[in-house]
Each structure stands twice: as C-alpha cells, then as structure tokens.
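Chain by chain, the residues:
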Amino acid sequence: MTARGISRRTIAGGRSAFRSALLAGAALSALALAPSVAHAQASLGELGANVSVPAGSQLFLEADTVTYDSDRSVVTAAGGVQINYGGYKLVARNIVYDQASRRLVASGDVELVEPGGNRIYADSIDVTDDFANGFVEALRIETPDNTRFAAGQAVRGPGQRTTFEQGVYTACEACKQHPERPPTWQVKARRIVWDQDRKVIRYYGARLELFGAPLAYLPYFATPDPTVKRQSGLLAPSFKSSSKTGFGVRIPYYFALDDSSDLTIAGTPYSKQGFLAEAEYRKAFENGYFTLQTAGISQRDPTAFDDFRYDGVSINQDFPGENRGMVGTTGRFALSDRWTFGWDVLAQSDNNFSNNYEIENFNRVYHTSEIYLTGLGDQSFFDLRAQKFDVQTQNRLTQDVQPYVLPTLDYQYIDENPVLGGQVTYDVNVTNLRRDATSPGYLLLCQSAFIENGVCSTANGFPYRTDVFRRNSLEGDYSRATTQAEWRRTFTTSGGLLLTPSLSARADVYRADMSAVGYPYGNLPLGLGGVDVDEAGLRGMATAGLEARYPWLIETSNSSHVITPIAQLLVRPDETAAGRLPNEDAQSLVFNAGNLFSEDKFSGYDRIEGGTRANVGVQYSGVFGAGYAIDALIGQSFHLAGENPYAQVDYALVGFESGLQNDRSDYVSAITLATPIGVSLGAQGRFDKDSLDVNRADLMGGVSYKRLDTSVVYSLIGAQPTYGFPVDRHQVTTAATLRVTDQIKTFGSLSYDIENAQIIDRSFGVGYADECFSLIAEYKNTSDRYNLTSAQTKVMFKLSLRTLADADFGYGLGSN
C-alpha cells in the first residue's frame with residue numbers, strides 16, 4: 001500500500017467529473033510527481049460521462065489533512081473539510097472518496113448547498129460522486145423559499161428524486177425561544193417523495209398537524225414543489241353554504257396551458273340547488289391581460305330565492321328561473337406609457353346570480369360593467385367609457401332602473417402657458433344615457449303604510465330604513481355635451497392681502513326625451529301624475545369671481561396661529577332651463593365647510609349654479625408644542641341676486657332642505673385636532689341660520705395607541721320631509737382593531753340607527769398570520785337597505801398554508 005498525506009492547504013483540480021477531479025486534485029497535490037498521477041489523469045476521460053455537474057467544472061478542496069491511498073484509490077480528508085465543485089458546496093468533518101465504487105461518504109455536521117439553493121443538513125451522507133444518488137442519515141433540507149423537509153433516513157436517486165422515510169414537511173420556521181415546540185403546521189407522512197425533475201412532491205399516508213394537533217388525514221396527495229409557480233393539477237377545495245343553496249364543496253382544477261395563459265375549471269355540488277359549473281381563462285401579454293369567466297346551474301328549487309316580500313307582496317318579482325348563469329370578462333392593456341384600454345363586463349341571466357353563488361371577481365353587490373380608454377398627459381387627462389350598473393340584490397326593481405351610459409367622456413387640460421399671468425383650465429364632459437324603466441318601487445314599499453303630502457309615513461309601523469332614500473328615475477334617452485374654460489390668477493398686495501380674480505364660461509348642448517309615472521311628491525309642483533320631458537337646445541353660463549384672503553400670523557414662544565378671513569363674490573346670470581332637464585349626475589348635494597367656497601356646489605354637470613352669490617368665512621390654523629395642530633373653518637353663503645338654484649324644483653328634488661335654499665344659508669363649520677399621542681378628533685356641522693339648531697352634524701374620533709386602533713363616527717341629519725324623512729336621523733358607526741400579538745389581530749365594526757333603535761350592520765372577527773400560516777374568521781350581519789326587519793347574515797373562514805393550500809368556507813344564513 002502506498003499512502004502519503006499533506007497538512008492543511010487548498011487543493012485545486014479540474015475536468016468534467018467530480019469523481020475524477022477529486023481524485024486527480026488530491027493525488028496531484030499529495031503525491032506531487034508520483035507514478036499514480038498518470039493513472040489519475042487518465043481516469044478523467046473515462047469517468048466523465050453522465051454526471052450532474054457542468055463539464056469543465058473546477059474543484060476546490062480544503063481540509064486540515066488529506067490522505068491518498070494509491071493501492072485502494074481512496075482519498076480521505078479530515079478536519080474542517082470544504083469542497084466547492086460545479087455549484088455544489090459541501091462542508092463536513094470527514095470525507096472519504098472511493099474511486100472504485102465512485103462513492104463519497106461525508107460525516108460529522110454535514111452541510112451541502114446545491115446549485116439551486118437548497119441546503120441539506122445531515123449526520124452523514126453516502127452519495128455518488130456526482131451527488132445524484134445516495135443515502136442520508138438524520139436529514140434536514142431548507143429550500144430558498146424557506147420551506148423544510150426532515151426525515152430520519154432518506155434515499156437520493158434515481159435522478160433528482162429524494163425519498164423521505166417517516167418524513168416531515170413544513171413552510172414554518174421553528175420557534176427561536178422554544179425550538180422544541182412543533183411548527184405552526186406540518187405534514188407528517190409515512191413516505192414523502194420529492195421529484196425535482198418533475199417538480200412534484202408526493203405524500204403517502206399523510207397527516208396534517210396544526211399547532212401540534214392532528215387536523216386531517218389523507219392516504220395520498222401531491223403538490224408542486226416549492227420552486228413551481230404554475231403547474232396543472234387540483235387546487236384546494238373550498239366550502240360554501242347558505243340557507244338558499246345548501247351546503248356545497250367547490251373543487252377546482254388548474255391547467256397551466258403555456259407560459260402566458262391558464263384555465264381553471266370548477267364544480268360545486270349544492271345540497272339544495274344542484275351542480276354549479278365554472279370556468280375561467282386567463283391570458284397575459286407583454287402590455288396587458290384579459291380574462292374570460294363563465295358559470296351556470298340548473299336549479300332544483302328556484303323559489304328559494306323569492307323571499308324578498310312585504311305583506312305577502314313579492315318585491316323581487318320575476319324571481320330567478322330554473323336555469324341561471326353568467327359570462328364575465330376583464331382586460332387591461334397599456335397602449336403606450338400614457339394610454340390605457342380596458343374593460344370589466346358582466347352579463348348574467350338575472351341581476352343577482354353572481355352574488356347568490358359567490359362567483360369570484362363578480363360577487364359584488366354593486367358592480368359596474370364598463371369599457372374604457374384613459375390617457376394621462378403632463379397637463380391633461382382623458383377618460384372615455386361606456387357603463388352599465390349592476391345592482392345584485394333580490395329586488396329586481398333596483399336593477400331595472402339602472403341606466404346604460406353610452407358613453408361618458410371627461411377631458412381636462414391645463415394650459416402650460418400663462419394667460420395674462422394666470423392659469424387657464426379647460427374641461428369637457430359628454431354624457432349619453434338610456435334608462436328602460438322608471439321606478440314605482442317607492443309607492444310599492446309604501447302600500448301598507450300611508451302617503452301624507454307625498455311622504456311615506458311610518459304611522460302604522462312600516463319598518464323602512466331612515467338612512468336611505470329612493471328617488472324616482474326617469475326612463476328614456478338623455479344626451480348632453482359640456483365645454484368649460486376657467487382663468488384664475490392670485491395677486492399679493494404689499495399689505496399681505498391675497499386677491500384671486502377668476503373668469504369662467506360654459507356651454508351645453510342637450511337633448512332629453514324621458515318620462516316617469518307615479519311621482520310621490522304630493523304638494524310639489526311635479527304632482528303625482530307623472531312627468532314628461534321633451535327638451536332640446538343650448539344653454540350657457542358665464543361667471544366672474546373675486547376671492548379675497550387676508551392671513552394674520554400670530555406667534556408665541558411655543559405656538560403659532562394663522563387667522564384668515566375669506567370673502568368670495570360670484571356674479572353670473574340665472575341658470576338656464578332650471579329644473580326642466582333630467583338631473584342624473586348632480587343628485588348628491590351636501591352643503592358643508594368643504595364646498596363653502598366652491599364656484600358650483602352641485603356635484604355634477606346636469607345642474608348649474610346660477611345667480612349672484614357671496615361666500616364668507618374665517619379659517620384658523622394653529623400649531624402647539626410638539627405635534628399638536630388645530631384647523632377650523634366657519635362660514636355662510638348668501639344668495640344676492642337672481643333665482644336661487646337650490647330653491648328650484650328639478651326631477652331629483654336636489655337642493656330642498658340642503659341649507660342653501662334660502663337667500664341666507666345655514667352656517668357651516670369644521671374643526672380637526674391632530675396630536676402626537678395617537679388621538680385625532682374632528683367635527684363638522686350645519687346649523688340653522690336663525691335658531692342655530694343642528695341640521696346636520698358629523699363627529700369623528702380616533703385613537704391609535706400601541707396595538708389598538710379605534711374610530712367612531714356619529715352622524716345627524718335633520719328631518720327632510722320632502723325626501724320622505726319626517727324625523728331626524730341619527731347613526732353611529734364604530735370600528736376597532738386590536739393587535740393582540742404580532743400574529744393575532746381582532747377586529748370589529750358596528751353601525752347603529754339610533755332613531756329606529758336598530759343595528760344596520762355589524763361584523764367582528766379574529767385573524768392569525770405568521771410567515772407560513774394565516775387564518776381569518778369573520779361574522780357579518782347587514783340589514784336590508786329598505787326593510788329593517790330583513791337582514792343578511794354570513795360567517796366566513798379563510799385558511800392559508802403557505803406553499804401547501806388555501807381554503808375558505810362561507811355560510812350565508814339568509815334573510816331573517
């Protein structure tokens with residue numbers, strides 16, 4: 001036997017195979033010019049085929065001692081052994097390489113890092129010299145995406161396949177404070193086979209454990225390996241249940257069609273309604289994507305959905321038939337760095353199918369189907385879209401009155417070049433809509449009560465919600481095109497007075513052919529017999545404005561205060577055709593401190609503020625100490641000349657009881673307080689111009705302290721008999737979130753109608769989330785929008801095990 005050794009040093013060798021390179025490198029360094037070198041070099045070509053390391057890879061070996069036994073062709077390295085070869089990195093206390101058997105045995109705190117980033121820890125490894133096949137004792141594997149395998153014994157091979165006997169898999173890290181505790185979740189199996197060639201993990205005799213407790217047992221299942229982002233196969237099932245559909249299990253199957261498209265099909269058998277089939281196709285492009293989704297069912301019991309009634313009368317009407325279905329599609333494409341084209345379209349057999357069966361992506365109560373084109377320039381904005389509004393409720397009347405907007409166009413451009421030293425802004429709006437039905441629903445809901453002066457009274461106990469009002473809608477066609485230009489410039493005098501003159505001009509062309517029957521507004525000029533609008537023509541408006549602000553600064557040693565009196569004058573003619581045209585986009589009018597100094601307080605284009613008006617107020621801003629700040633505003637609006645547009649009757653009755661209907665408006669105010677200790681307060685109100693009674697108020701408060709976030713909002717809206725609200729309305733909404741620990745969070749919210757002593761909606765839940773696991777449980781109860789005696793209740797659970805599965809369960813308790 002011939003053997004020689006060297007002390008610690010680095011040895012380098014190379015060719016195409018690890019086995020030859022290890023032998024050659026050790027021999028060349030240990031034996032220098034010994035005769036065995038020729039044999040070692042000759043073996044490089046013989047043994048260089050069918051290995052897993054790249055050809056031409058260089059081997060680097062470092063150890064305290066290296067011994068080569070030329071008689072037995074065995075290389076032994078001991079003491080802090082490190083090997084780098086073909087992307088593999090191996091660390092161990094001892095290594096023995098047998099050229100004859102082509103096997104490498106590493107022992108003592110073995111760590112092997114594979115080219116893909118997997119880290120393998122073991123007591124000992126017995127593998128072929130290309131790392132392709134072998135046996136491992138006390139194995140633990142950590143992948144780059146932080147998943148882990150462990151087993152008492154494992155076999156590597158053939159190919160890139162590892163078999164774990166009595167294996168364990170998890171995506172959770174061990175607790176640093178208590179490493180003896182089990183991970184949040186883990187899969188224990190009689191055998192786990194990780195096939196890295198096919199990128200799949202198979203589990204035989206598997207038991208899922210959650211916090212160390214058994215949760216489920218499966219004789220067999222398979223998942224993609226952690227490196228796979230997309231792979232065809234069964235997805236985790238989800239569980240659904242409601243009083244109308246019964247219990248259902250949704251089983252989806254995923255097809256990875258190619259690198260840019262996929263398909264998911266799913267089937268859900270419901271115990272009460274039968275089999276629901278679904279399919280979703282998705283396609284990605286370099287500049288965007290599109291999806292196509294469909295679902296359908298032949299129902300066993302369609303009458304289960306016809307329970308939206310009052311006094312035996314079906315408000316739902318024409319309840320869903322036996323066959324129900326939907327087709328939906330979405331898309332978004334970047335035509336350039338400035339232009340975007342897209343769509344979101346839903347077509348279904350009835351207005352509530354997608355919501356009833358919780359069709360993903362389309363199960364919102366309020367969904368807008370639209371096609372759009374948007375553009376954004378340096379000083380401009382363009383938005384063109386066609387829209388259809390989907391209201392997914394049991395009340396089909398609500399859906400019938402929704403218009404088709406075909407199309408609406410908004411364009412704004414701010415001139416880059418000053419004109420007379422001021423800024424010029426151009427606005428364009430074009431709207432065309434059609435509504436196929438008017439809404440007799442208000443009268444229907446009031447049939448069991450009584451109408452007094454056009455008001456749906458609650459004298460006989462009819463339980464309507466006091467926080468909503470349902471206006472009638474006109475059926476027919478309406479078109480309007482608006483162009484507007486505004487010039488504005490601010491001058492600062494030597495005394496600090498800020499003067500801002502402004503000029504604006506607007507022109508409209510319109511055509512309206514609309515009508516409605518049964519208008520329930522009693523003594524109002526519209527009457528109860530109905531309306532018929534047949535108008536076409538032009539209208540315009542010109543406005544000259546001047547705003548003056550005079551800020552006063554007061555500073556002390558630890559505070560600063562700015563008091564700013566503000567006065568604004570707007571001079572213009574009366575609104576043309578006031579009240580004679582449909583009002584589709586300017587129905588939301590809330591007069592408050594936020595729009596006190598707006599040139600036009602109507603929210604849209606269909607109404608125009610006319611007449612001469614003055615707005616006055618005082619603004620205050622204060623900063624105290626380190627981080628305390630107060631902002632406040634109080635003011636009033638005065639109608640000086642011409643017709644008051646907020647006292648004019650239109651088909652939506654906008655302006656009545658708004659606080660602006662008189663020549664002298666109600667007072668409006670707002671105040672906010674910010675603190676550095678996590679407390680924020682705010683209030684805004686509208687007070688009667690004569691008695692100072694509160695006509696509208698909103699009080700807001702919030703606390704963020706350590707792990708607690710809370711908010712409360714109280715709203716008061718004074719009686720508005722014109723709109724069907726003969727009494728004041730009070731509502732309070734609260735919400736809170738408590739982060740119990742870094743992983744556990746509780747949350748809840750509550751809205752309460754004080755006038756009716758009725759909960760409007762409430763929800764509460766708890767969530768847990770860490771690096772590998774999340775669970776959310778939530779309870780929701782929401783009263784019907786128009787009938788407080790009816791409420792929808794739902795319980796939802798969502799479970800996510802990172803890299804393994806996602807599952808959710810929802811149970812709808814239906815109306816009560």
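A short tour of the structure in this document, coming up. This one's a predicted model, so the numbers in the text were calculated from it and none came from an experiment. (Residues numbered from 1 in each chain as written. Predicted model: local features only at pLDDT ≥ 70, side-chain atom pairs only at ≥ 80, totals over all residues. Heavy atoms only, no water.)

Right, let's get into the state of the cysteines. Taken as a whole and assessed by the stated rule, the structure comprises one disulfide. Residue C172 pairs covalently with C772 via a disulfide, S to S 1.8 Å. In this structure, the disulfide formed by C172 and C772 twists by about 90° around the S-S bond and is classed as right-handed. Placement of the pair is C172 in the loop between β11 (161-170) and β12 (185-195) and C772 in the loop between β45 (758-769) and β46 (773-783), with a sequence separation of 600 residues. There is no split in this pair, since C172 and C772 are both buried. (Disulfide = S-S within 2.5 Å. Helix = DSSP H or I, 4+ residues; strand = E, 2+ residues; numbered from the N terminus. Buried < 20%, exposed > 50% of the residue type's maximum accessible area, 1.4 Å probe, protein only.)

We now examine the side chain of S559. Relative to the helices and strands, S559 is located in strand β36 (residues 559-571). Among the polar contacts made by the side chain of S559, one reaches the side chain of T556 at a distance of 2.5 Å. Among the polar contacts listed, one links the side chain of S559 to the side chain of H561, at a separation of 3.0 Å. Once residues within four sequence positions are removed from consideration, S559 is found in contact with I554, V623 and F624. (Polar contact = N/O pair within 3.5 Å; in protein donor to acceptor, adjacent residues only side chain to side chain. Contact = heavy atoms within 4.5 Å.)

What follows deals with the pairing of strand β35 (residues 552-555). A regular strand carries its side chains on alternate faces of the sheet. Here β35 runs beside β36; their pairing, made up of four bridges, is antiparallel. Within β36, the position partnered with I554 by the bridge is H561. Hairpin remark: β35 followed by β36, antiparallel, with three residues in the connecting loop. (Pairing = 2+ DSSP bridges.)

On to the packing of aromatic side chains. Across all of its chains, the model carries 25 aromatic pairs by this definition. Ring geometry for Y203 and F221: centres 4.4 Å apart, planes at 10°, overall stacked. In this pair, Y203 sits in strand β13 (residues 200-210) while F221 sits in strand β14 (residues 213-224), placing the two residues 18 residues apart along the sequence. You can call F221 buried: its relative accessible area is 17%. A ring pair is formed by Y413 and Y426, whose centres lie 6.3 Å apart and whose planes are at 20°; its orientation type is stacked. Residue Y413 is located in strand β27 (residues 404-414), and its partner Y426 is located in strand β28 (residues 423-435); the two are separated by 13 residues in the primary sequence. You can call Y413 partly exposed: its relative accessible area is 27%. You can call Y426 partly exposed: its relative accessible area is 34%. By the ring-pair criterion, three or more aromatic residues cluster together here, those being F149, F164, Y169, W185, W194, Y203 and F221. Cation over ring: R140 sits above Y121, and NZ or CZ is 4.4 Å from the ring centre. Above the ring of F305, the side-chain terminus of R324 is found at 4.8 Å from the ring centroid. (Phe/Tyr/Trp six-rings, centres within 6.5 Å; stacked < 30°, edge-to-face > 60°. Lys NZ or Arg CZ within 6 Å of the ring centre and 35° of its normal.)

Moving on, we get to unusual backbone geometry. Each neighbour pair has its own omega, and for L406 with P407 the value is -5°, a cis peptide bond. Here P407 is to be found in strand β27. Even without a glycine there, the phi angle at F211 is positive, about 50°. By the element assignment, F211 lies in the loop between β13 and β14.

Counted by the stated rule, this structure contains 41 salt bridges. The partner of D69 in a salt bridge is R72, and the shortest N-O contact between them spans 3.1 Å. Exposure remark for D69: the relative accessible area of 6% places this residue in the buried category. Between D650 and R607 there is a salt bridge, with its nearest N and O atoms 2.9 Å apart. (Salt bridge = Lys/Arg side-chain N within 4 Å of Asp/Glu carboxyl O.)

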